[in-house]
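# Working through the structure, step by step
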Amino acid sequence: PSTLPSTLPSAFPSTLPSTLPSARPSSLPSVAPTDQPSARPTNVPGMYVGCLANPGDVTKVFNTISKQVLCGDGDGACADFVANVEDLGDNGKMIKSIFGCNNANPPGVVTVEEAQARFDRIKDDLGVTELLVKTVKDGTSLFTGSEDTLEGACGTDCCSGFQACTPLFSGVMTVTKDSCRGDRACHDVFPDTIIIKSCVGHRASDGVGRFRDEPHPDVQVGYRVIGPNACNAQQSCQDLGRDIFGNIRIESGACNESFACRSLGDRTSQGVTVSPVVADIFVGENACQGGFSACENAHGGFDKVKGSLFIEKDACKGEDACSGLANAEDATNNIVVKENICGAGQCQSCAQEELCAGGDMATYTIDHVIDCI
């Protein structure tokens, strides 16, 4: 028509068309939309965590945090962990409590930011996450809380003894039955330490992973995980990993003799800093076993902050094995003791800086006893 209608319809049609178009449009729009969606769709794995008001008792109240903790980027280990925890049903609440409990009595929940920070420590470590799931699957209860709540939940099975199970800085810790029994066992440990059937004996694991100066709140400190069946002797693992900002892992059967692994990796304080030097401590399955002082103070030292220590499975076994391994002040390298290396009396005070071709950034590997002669 040559002209437009002078008026518009006064009302919408009273009925919809009886048929739809018989075919799709023959062409796509000629230009892209000018606006993007306000948010991307997300499939990031996550789970709701919280806290059992009665530690270890999954039949009682479980207070849930309103937002999930999320996996983020990773190699899939976290997603598997989340799925495996959910497969545990109600028993998974004991693992979820590791991330969500505060130090009240009875315990309540932390903020989602604090829960996420705890979750981030272990979520991608397959060895640790599989250990937690296996422990619960095997019927072992996990108790998470502060000193008073743990004492009440454990009875005589764990956290029994004068000043046993006292986390630093008003924190919480997680233990199982047959853990932290003895005067000052697990005393003054760093918050969120996880102990699985370990640390039985006078002052066993007293001061594990602690700091002389409370770390700056913006610094994420690594995890501390012991067990199962490790550090079970008088003063074993006492002050282990003090002032270490990275991860500390003592595996099954390690350090099970009097004074074994005592002060292992003990460093000087870096003060309250936002950019600490980060080092890790790892003692493998059945390592640092046998006799008096196996691995005592290995790679520790005054005025030393650098250098991780990795003692592999069945290494440093026998009286005084690897005692003072790298305590020299100039031995600041990463040190690796290979599997089944270093017996009784061997590998003492052997890792010196001049042995590390390439300088103090090189990793010094001990794979023959002759390396320490």
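Because the structure is predicted, anything quoted here is derived from the model rather than measured. (Residues numbered from 1 in each chain as written. Predicted model: local features only at pLDDT ≥ 70, side-chain atom pairs only at ≥ 80, totals over all residues. Heavy atoms only, no water.)

Burial in helix α5 (residues 147-154) covers these residues: Thr149, Leu150 and Cys154. Taken down its axis, α5 places every buried residue within 120 degrees of arc, on the same side. Facing away from the buried surface of α5 by more than 90 degrees, the exposed residues are Asp148 and Gly152. In the stretch just after α5, Gly155 is the one whose phi turns positive, near 65 degrees. (Buried < 20%, exposed > 50% of the residue type's maximum accessible area, 1.4 Å probe, protein only. Helix = DSSP H or I, 4+ residues; strand = E, 2+ residues; numbered from the N terminus. Arc of directions from axis to C-beta.)

Backbone torsion omega between Asn105 and Pro106 reads 0 degrees, so that peptide bond is classified as cis. Here the bond from Gly227 into Pro228 is cis, since omega is 5 degrees, no more than 30 degrees from zero. If you trace the backbone, Pro228 turns up in the loop between β12 (224-226) and β13 (248-250). Its identity as a non-glycine residue notwithstanding, Cys342 has a phi of 80 degrees, on the positive side.

So, about the layout of surface pockets. In this structure, the largest pocket encloses a volume near 480 Å³. Lining the largest pocket are 23 residues, with Glu114, Arg121, Phe190, Pro191 and Asp192 positioned closest to its centre. Taken together, the residues of the lining of the largest pocket sort by class into eleven nonpolar, six polar and six charged. Forming the boundary of the second largest pocket are Glu130, Leu131, Lys134, Thr135, Asp138, Thr140, Ile196, Lys197, Pro228 and Asn229. Its residues placed into classes, the lining of the second largest pocket shows three nonpolar, three polar and four charged. (1 Å grid on protein atoms, 1.4 Å probe; cavity = no way out; pocket = protein on both sides within 12 Å on 5 of 7 lines; lining within 4 Å. Points joined across faces, edges and corners; volume = space filled by probe spheres on them. Nonpolar A, V, L, I, M, F, W, Y, C, P; charged D, E, K, R; others polar.)

Another point: the packing of aromatic side chains. The full count for this structure, using the stated rule, is six aromatic pairs. Arg224 extends its terminal NZ or CZ atom over the ring of Phe190, reaching a point 5.0 Å from the ring centre. (Phe/Tyr/Trp six-rings, centres within 6.5 Å; stacked < 30°, edge-to-face > 60°. Lys NZ or Arg CZ within 6 Å of the ring centre and 35° of its normal.)

Inspection of the secondary structure puts Pro107 in the loop between α2 (93-100) and α3 (112-122). Classification of Pro107 as buried rests on a relative accessible area of 3%. Taking the C-alpha atoms as reference points, Pro107 and Cys51, separated by 56 residues in sequence, lie 7.1 Å from one another. With residues near it in sequence (within four places) discarded, Pro107 still touches Cys51, Leu52, Ala53, Pro55, Asn63, Cys101, Asn102 and Thr149. (Contact = heavy atoms within 4.5 Å.)

Moving on to empty space enclosed by the protein. One pass over the structure, following the stated rule, counts one cavity of 30 Å³ or more. What the largest cavity holds in volume is close to 90 Å³. Along the walls of the largest cavity sit Ile98, Phe99, Arg118, Arg121, Ile122, Pro191, Asp192, Thr193, Ile194, Gly222, Tyr223 and Arg224, which together make up its complete lining. When contributions to the lining of the largest cavity are tallied by element, the ones reaching two or more residues are α2 and α3. For the lining of the largest cavity, the element with the highest residue contribution is α3, accounting for three residues. Its residues placed into classes, the lining of the largest cavity shows six nonpolar, two polar and four charged.

Looking along a regular strand, one sees the side chains alternate between the two faces of the sheet. The two faces of strand β5 (residues 142-145) match: Leu142 and Thr144 on one face and Phe143 and Gly145 on the other face are all buried. The pairing of β5 with strand β8 (residues 173-176) spans four bridges and is antiparallel. Residue Phe143 lies in a different strand from β8, and its bridge partner there is Val175. (Pairing = 2+ DSSP bridges.)

To continue, consider α2. Most of α2 is tucked away, with eight of its eight residues classed as buried. Among the residues of α2, those classed as buried are Lys93, Met94, Ile95, Lys96, Ser97, Ile98, Phe99 and Gly100.

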